[in-house]
Amino acid sequence: MTRDRDDVLAELAALVNVEPRAGFTARTRAAVTRDREARTARRSRRVASITAAVAAVVLAVLYVPRSAPAPIEPASSTPTGVTSRDVPLTPPSSGVAQPDAPPARGSQDVDARRGRGGARQVAVTRVGPREIEVVIDPRQAVLLRAVIEQARAGEVVLPPSLGRADGDEPLAIRELQEPAPVVISEITIDPLPGELGS
Amino acid sequence: MNERADWSAAYLVSGADELDREFDVRMSESGTLVYRVAYSVLRNHSDAEDVAQEAFLRAHRRFTALRDRDRFRAWLVRITWRLALDWKRGRRRRDRREEVVARLARPVPNAEDDLLESDRARRLWAAIDALPDKYRLVIVLGAIEGHGVGDVAALLGVPAGTVKSRLFEARRRLQELLR
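Thresholds applied
Residues numbered from 1 in each chain as written. Chains lettered and ligands numbered in written order. Predicted model: local features only at pLDDT ≥ 70, side-chain atom pairs only at ≥ 80, totals over all residues. Heavy atoms only, no water. Helix = DSSP H or I, 4+ residues; strand = E, 2+ residues; numbered from the N terminus. Buried < 20%, exposed > 50% of the residue type's maximum accessible area, 1.4 Å probe, protein only. Contact = heavy atoms within 4.5 Å. pLDDT = per-residue confidence, 0-100. Arc of directions from axis to C-beta.

J.: Outline the overall build of chain B, listing residues and values.
T.: In terms of regular secondary structure, chain B is built from nine helices and zero strands. Listing the helices and strands of chain B from first to last along the sequence gives α-α-α-α-α-α-α-α-α. Evaluated residue by residue, chain B yields a buried proportion of 41% over its 179 residues. When contacts within chain B are restricted to residue pairs at least 6 apart in sequence, those whose partners lie at least 24 apart make up 69%.

J.: Describe the confidence of the model for chain B, naming the residues involved and giving the relevant values.
T.: Keep in mind that low pLDDT regions are not for reading the predicted coordinates in detail. Residues and elements named next belong to chain B. Per-residue confidence for chain B gives a mean pLDDT of 82, with 81% of residues at or over 70. Across chain B, the element-wise mean pLDDT spans from 57 in helix α5 (residues 111–117) up to 93 in helix α2 (residues 45–61). Across the whole predicted complex the pTM is 0.54, and at the interface the ipTM reaches 0.71.

J.: Can you tell me about helix α8 (residues 149–156) of chain B, naming the residues and giving the values?
T.: Because each turn of an α-helix spans 3.6 residues, side chains separated by three or four positions end up pointing in the same direction. Among the residues making up α8 of chain B, those that are buried are V152, A153, L155 and L156 of chain B. On an axial view of α8 of chain B, the arc spanned by its buried residues comes to 165°, and they lie on one face.

J.: Tell me about the environment of D20 of chain B, and please be specific about residues and values.
T.: Relative to the helices and strands, D20 of chain B resides in helix α1 (residues 2–42). Residues D20 of chain B and T64 of chain B, 44 residues apart in the sequence, show an inter-C-alpha distance of 10.0 Å. D20 of chain B has contacts with R36 of chain A together with H60 of chain B, leaving out every residue within four places of it along the chain.

Shown next as structure tokens:
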């Protein structure tokens, strides 16, 4: 019984213990080397593509919003009826409401244009999608600044142009007075010359 | 700064080279074992060589993940065994598809094929194929290179007593099948 079992194992060993063909180890080593190089190249390509994608995203985030074309503000959106063409770019010394505020982004090209040609008229006001450039009439700015300074000083004296039109009563009160009664003359219908005979 | 970067790169490259050298040594030591394990399943030299190469490729790709390098041979044997079984299943499907072509153009058998085709050998392989997987692997590994119980236990990562009992049962079943 034991001898039979050993014979089985011996038979199996004779069947299994085959030698690989000549050059098997060298071929396997070459295959491993090729696979290693291919994986290294694949990894390099993957890293390069990921780096390029990240760089593209970063560049897009940094530069696209600034270089996007801004819509041109329609003229009808100016609330005071004063179009941007009418507003002088360089107001009088006290004319700008916020002289210390940084210029709006949309007015950068305007500034550049001013620097080049010294033009005083704004040809087209370009503003960003969410940045509305507030255009104030210099005369209003002068008055507003004066009112603000007087309010700080504790005494507001309205200038004649706003306060009193004729020196008697304030302009606001005068505007509230009842209008003069409208007199409608009697309507008479004269007959046409051709109708007199008939 | 550049010196540090150069040093790091050199360290990484030297580490990779060291790993490759170690793998190369282990591949030289285990080549025949892997080939024989594959052959014991496939019984075809060309397929066995292909499977052995594929096993080495997979082992090389995952070599850095192998924590216990002393378990390399056992790890490699398991990879090869599974690959060979998968390959055999695929070959069966392929053979069924190409059965007609193979019948028309059957290759001229050589001496090894004669041995395989011998009645005794064919019966022995059939009996081994009929064994459950755990018995089959034990008896094949025991037959390869005269591995003892301790060697097979180390290759399979199981206790020696388990190998002994499996080997005993495998022999008993083989005897019954060959009777």
